[in-house]
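A structural walkthrough
These are the residues of each chain, in order.
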Amino acid sequence: MDYFLELFLGGLTRGSIYALIALGYTMVYGIIELINFAHGEIYMIGAFTALIVISVLTLMGMNTIAILVIAGVVAVIYSSAYGYTVEKIAYKPLRNAPRLSALISAIGMSLFLQNYVRLAQTPNFLSFPNLIPDFEFIKPYAHIIGSTEIVILITTAVVMVLLTILIKFTNTGKAMRATSQDKTMAMLVGINVNRIISITFVAGSATAAIGGVLIASHIGMINFYIGFMVGIKAFVAAVLGGIGSIPGAVLGGFILGWTESFATGYVSSDYEDVFAFLFLVLILIFRPAGILGRSGKHEI
Amino acid sequence: MIKLNEIKRAFLVSAWFIFLTFPIMVIRINPVEHIVEWRWKNMALVGIGSFFLSFVWNYLMKQKEPGFKKTETAEKTDTIPPLPPARRIQREKRIYIPALVAIGTLTIVFPFIFSMYQTNIMVSALIYIMLGLGLNIVVGLAGLLDLGYVAFYAVGAYAYALLNYHFGISFWMALPIGGVLGAVFGILLGFPVLRLRGDYLAIVTLGFGEIIHIILQNWNEFSFGPSGIANIPRPSLFGIDLSVHSSTIYIYYIMIGLCIVTIFVVNRLQNSRIGRAWVALREDELACQAMGIDKAKTKLTAFALGATLASMAGVVFAAKTTFVNPASFTIWESIIILCIVVMGGMGSIIGVIAGALVLILTPEYLRAFSEYRMLAFGTMLVVMMIFRPGGFIPDVRRIYKFEGVKSMDKS
Amino acid sequence: MKSCFGKVFFTAIVMAFAVSIMPCTGSAADTIKLGIAGAHSGDLASYGIPSVNAAKLVVKDINAKGGILGSEVVLLVEDDVCKPEVATNTATKLLSNGVDIVMGHICSGATRAALGIYKSENIICMSPSATNPPLTQSGEYPNFYRTIASDDAQARLEVDFALDVLKAGKIAVLHDKGDYGKGLAEFAKSFIEKDPRAEVVLYEGVTPGAVDYSAVVQKIKHSKADTVIFGGYHPEASKIVMQMRKKRMKTCFISDDGVKDDTFIKVAGKYAEGVYATGPKDTSSNPLAIAATEAHKKTYGTDPGAFFLNAYAATQALLNAIEKAGSTDYNAVSKALKTEYVETPLGKIKFDNKGDAIGIGFSIYQVQSGRYVEVK
């Protein structure tokens, strides 16, 4: 039973990592129906920016809490800026083009950003300091769950709630929903569609940056390639939960995390990715819109 | 003329990019040694580079806009020629036939004028031409984005490697068997994903590619795991074992033959009933079904045919390298093949051939710049999609004209 | 604008052909052409670049002394990005350029793919880093030599250490699913299974680049293993060790050459303490090794990377054999490699009939206060 519980908690942590990244995916997909392949790279850039800021500030001799806050803020700003720019360069000109074109452009952007960081920084792994201090109250349970894991879980929950509030209860959110349903109509009723799409990218990238900092600090190392596989997994999570749905992304993340954790625990970690993808195929066969997704107009 | 506000705009863009690239380009850190290196030169480069690129970008964007909005008037003006040169060559028999003869002669004598290395990389390029043409059926014609195409390539390569290892089956036997196996796998993948559309399909096929890769990597008893299978025989000519040099030439001719067959088949299929069904499916699934086209059958044929070609290319690949391991069949391979199709021109045979030659041969000759290869690929994908979604040599829309019905040819 | 693309494209084709003709020209007769092949770009470049630097340093010295047999040694450096399919192109390119002898291919897979081509053209090839056992042991490649011990030797050492010194009873064998790591893990597993003193309680591959390994770590804990043997590279090893130690597991961790890297200690920090890793015998007291490292620092300004000394030794061994043989003839050079000892940074070496170096071995190291210390 203990074993089960530990696997469950391990899956939960892994799942909340996926969920945090999946939130950004699902927002972007919800609004312009594009798999933003570069989202994983935005997350990676967030982590890199944070590491750079940390290194510079540490050399200047600041104290840890200040460094943590500044690094987090700078990472969020830069990731948002990158998200904004990527949208303006690679997706905006393709708004009226076939969906395939935008998707290929997204893959191209992902390749570009990966190699940009690889060439400008380093192809090797860099160690990332553990930013989150060990909480006193967690010490007795440290063998079950660490403080970083708890922070990730709480952050995922908070971000999910904030995004839900943003979309459900604010004017911007209303405009987002309108844009996602019909861009032309939204424009007719006076919504600045370009602005709304930019806001979506900025919000999605900001969550990716938060994820980047937390996850890098959890794993303890980063390189230019960390975004790609996590990005794909997060997308799988978003699809599982029903793409476009905020709670769906989180649920999908947890389900994916558990699938992998239990597959490793009870079968073999050799095939954890196989299980993850097979599970995705099964879900899509029986519920093509995902677990929490609504059957939209496109389902045939 | 360059206006003042354009310059102002370029300054803003340049300032924005300096800000954007500041941490990544200027500061290089080494957290292990606690060293921070400041590279101010890069900042200047980014600033100047983005300043000028913003002009180019604006210029290209302006070129694009009118073309989009008023195609009818644009066609009458001289800014856009009626046919690109490559297309014109195809049309005019006087250029077309001598060109074909010249290319044909060149391909035949190629291995005798150039060194073994040249022949060898040409074989690689030919393999990619075949892969590109196969993926072109799936992505270009049927519009099904397949990000796991490399899986079928792997099926073919491993089919030959394993059949030869266990049963001593020769290359010429393995080629059709590999093709059939590829088709089977294509249909196996096709069935579960019949209901899925574009993006979902992309992610599931990507998953399928990863699954095949992981199985090859982990199932030691079956595939010999990551250390791979070595000593796969090169194809023999009537039972004679050839030296490396002559067998490279031999494989070159085999590949030329296979490519010609592939081109012929794809070309005939394109104009056939099934080919038109693919295009219809790509354009509008609903309308296509309404016209009475069996969606399932059409999609499955596309998958199966694409997979067959990839699988046969895989058999040749195994015979050429004489060694296979899972490292050759990663997702990046799928992306490179996709790049070939997209760069060359989706749906266009000549385009795909050109794409494969450029994308596979250029990095071989420009090895010094191989660090930048992936960066260039990424940039090319984005730029091509924005400014030239049709590729180098785009597919021409076949226009069916009905005499007397004027409104038809406008669409 | 649109027509421009067509023109650009045709220009590209023309250029491609123009470039393709160039390598055919220009080959002088009285030089010895030493091919250097390996990963010089891409993800694994950090394993290949040091070998190029090593070869350059050796050749510079030798040419300064008047070359070998009166002729100058020329380097032909070719990249294979560690991919088998590219390695065959690299090999044919070297052959087309008239290479006499090859120092290289860094990765085992690429080496195997290229060897088939060298073999039929009677070119001797010596790798500083390809550790896959069948390369020498299968006897399929009589033209192959290496200046590094093979995986099974390393696995043997790890298993013996675990059984004899650590008195391990239950061993978990992990790997990173890669060419190198899994091969090593397979050997470790089979050696343990043959020994009655211990059993393999867990045999698993971890996914490189996964976000966390908590499930695998849980599984190690559940299997009650007292020792973990890991085959693979340091990024995965440090993640597993860190998670194990955070879960307060005191399980011994033994790993391989891919982990015996200072980056591992710096990434894993305090969690790295007590980790064992096998690595080439300590050469820091060898004057030649010190000189070679100094030369690298002087020329390139940095510490040499992985396999630098192995590559240095390989280049010296090859050139020495050519000198002793008096020509670049295949049989003569093979004979010289097997009979003539040569002084290298790795010690005094020659090669056995299979092609493995005699005089090169592995030792066990342990991380003690942030440094790898040889365990006697």
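Computed from a predicted model, the values in this text were never measured in an experiment. Every chain is numbered independently, its residues counted from 1 as its sequence is written. Lettering for chains starts from A, numbering for ligands starts from 1, and both go in the order in which the items are written. Reporting in this predicted model follows two pLDDT cut-offs: at least 70 for local features of residues, and 80 or more for side-chain atom pairs to be given and counted; totals over whole chains, interfaces and linings ignore these cut-offs and use all residues.

Let's shift gears to the overall build of chain B. Assigned secondary structure in chain B consists of 17 helices and two strands. To sort residues by exposure, count the other C-beta atoms lying within 10 Å of each residue's C-beta; 20 or more gives buried, 12 or fewer gives exposed, and values between give partly exposed, all with C-beta atoms placed from the backbone. Residue burial in chain B is summarised as follows: out of 411 residues, 47% are buried. By the criteria applied, helices consist of DSSP H or I runs no shorter than four residues and strands consist of E runs no shorter than two, each listed in order from the N terminus.

Below, the discussion takes up the pairing of strand E9 (residues 252-255) of chain C. In the case of a regular strand, side chains alternate between the two sheet surfaces. Residues and elements named next belong to chain C. Should DSSP find at least two bridges between two strands, the strands are regarded as paired. Across three bridges, the pairing between strand E8 (residues 227-231) and E9 is parallel. Bridged to isoleucine 229 within E9 is isoleucine 254. Convention used here: a crossover is right-handed provided that the path from the first strand, over the helix, to the second strand proceeds clockwise when the strands point away from the viewer. Crossover E8 to E9 through helix H9 (residues 234-246) is right-handed. In terms of strand pairing, E9 meets strand E10 (residues 276-280) through two bridges, oriented parallel.

A word on the environment of serine 205 of chain A. Residue and element names in this part refer to chain A. Structurally, the position occupied by serine 205 is in helix H8 (residues 193-219). Residue class for serine 205 comes out buried when judged on the 33 C-beta atoms lying within 10 Å of it. Spatially, the C-alpha atom of serine 205 lies 8.7 Å from that of glycine 46, the residues being 159 residues apart in sequence. The contact criterion used is a C-beta to C-beta distance within 7 Å, with each C-beta placed from the backbone. Residues in contact with serine 205, not counting those within four places in the same chain, are Gly24, Ile42, Ser79, Ser80, Tyr82 and Gly83.

Interpretation of this model should avoid reading the predicted coordinates in detail wherever pLDDT is low. With 95% of its residues at a pLDDT of 70 or more, chain A shows a mean pLDDT of 84. As a per-residue measure, pLDDT reflects the predictor's confidence and takes values from 0 up to 100. Strand E1 (residues 126-127) of chain A is the least confidently modelled element of chain A, averaging 80 in pLDDT, while helix H3 (residues 64-91) of chain A averages 90, the highest of any element.

Time to look at the sheet that holds strand E13 (residues 357-358) of chain C. Consider a sheet: its strands pair through backbone hydrogen bonds, and that pairing is either parallel or antiparallel. Residues and elements named next belong to chain C. Strand order in the open sheet formed by three strands is E11-E12-E13, and the pairing between neighbours is antiparallel. Two strands bound the open sheet, and with one partner strand each, they are strand E11 (342-344) and E13. Here strand E12 (residues 347-351) pairs with E13 via two bridges, running antiparallel. Opposite lysine 350, over in E13, you have isoleucine 358 as the bridge partner.

Residue and element names in this part refer to chain C. Spatially, the five strands line up as an open sheet ordered E2-E1-E3-E4-E5, and their pairing is parallel. A single partner strand is all that each edge strand has here, and the edge strands are strand E2 (72-79) and strand E5 (144-146). Between one strand axis and the next, the sheet turns by 25 degrees as a mean value, whatever way the strands run. Here helix H3 (residues 84-96) sits on the sheet and contacts strand E1 (31-38), E2 and strand E3 (101-104); the angle it forms with E2, its principal contact strand, is near 155 degrees. The axes are straight lines fitted to the C-alpha atoms, using for helices just the contacting stretch, and the angles between their N-to-C directions are given from 0 to 180°.

Between chain C and chain A, the residue contacts involve 26 residues of the former and 32 residues of the latter. At the level of elements, helix H2 (45-64), strand E7 (199-205), helix H8 (214-222), H9 and helix H10 (262-268) of chain C are the ones that each hand at least two residues to the side of chain C that touches chain A. Broken down by element, the residue count for the side of chain C that touches chain A peaks at six residues, all from H8 of chain C. Residue type decides the class: Asp, Glu, Lys and Arg count as charged, Ala, Val, Leu, Ile, Met, Phe, Trp, Tyr, Cys and Pro as nonpolar, and the leftover types, Gly among them, as polar. Among the residues forming the side of chain C that touches chain A, the class breakdown is eight nonpolar, nine polar and nine charged.

Residue and element names in this part refer to chain C. Expected span of a helix: the number of residues minus one, times 1.5 Å. A rise of 1.5 Å per residue sets the reference length of helix H11 (residues 287-300), with its 14 residues, at 20 Å; its end C-alpha atoms lie 20 Å apart and thus fit the reference within 8%. Listed in full, the buried residues belonging to H11 are Ala289, Ala292 and His296. Here the buried residues of H11 occupy an arc of 65 degrees about the axis, which is enough to place them on one side. Residues Pro287, Glu294, Lys297 and Lys298 are exposed on H11 and point more than 90 degrees away from its buried face. Contacts from the buried residues of H11 go to H2 and helix H12 (308-325). Positive phi shows up at glycine 301, right after H11, with a value of about 75 degrees. To obtain the arc, one takes the directions from the helix axis to the C-beta atoms.

Opposite the 51 residues of chain A that make contact, chain B presents 44 residues. Broken down by secondary-structure element, the contributors of at least two residues to the side of chain A that touches chain B are helix H2 (39-60), H3, helix H4 (99-120), E1, helix H9 (226-241) and helix H11 (272-286) of chain A. Top contributing element to the side of chain A that touches chain B by residue count: H4 of chain A, with 16 residues. Within the side of chain A that touches chain B, the residues separate by chemical class into 38 nonpolar, 10 polar and three charged.

All names here are of chain A. Running from N to C, helix H1 (residues 2-32) and H9 point in directions that differ by 70 degrees, and their axes come no closer than 8 Å. The angle between the axes of H1 and H9 places the two elements in the roughly perpendicular class. The chirality of how H1 crosses H9 is right-handed. In this structure, H1 uses Tyr18, Ala19, Ile21, Ala22, Tyr25, Thr26 and Tyr29 to contact H9, whose residues at the interface are Val230, Gly231, Lys233, Ala234, Phe235, Ala237 and Ala238. Its residues assigned to classes, the contact of H1 with H9 shows 11 nonpolar, two polar and one charged. Note on terminology: angles under 35 degrees are roughly parallel, angles over 145 are roughly antiparallel, angles of 65 to 115 are roughly perpendicular, and the others are oblique. Crossing handedness follows the turn of the near helix against the far one: under a right angle anticlockwise gives a left-handed crossing, and clockwise gives a right-handed one.

Another aspect to go through is the packing of H1 of chain A against H8 of chain A. All names here are of chain A. The geometry of H1 relative to H8 is characterised by a closest axis approach of 9 Å and an angle of 170 degrees between their N-to-C directions. Overall, the two elements H1 and H8 adopt an arrangement that is roughly antiparallel. Contacts between H1 and H8 involve Ile17, Leu20, Ile21, Leu23, Gly24, Met27, Val28, Ile31 and Ile32 from the first element and Ile197, Thr200, Phe201, Ala203, Gly204, Ser205, Thr207, Ala208, Ile210, Gly211 and Ile215 from the second.

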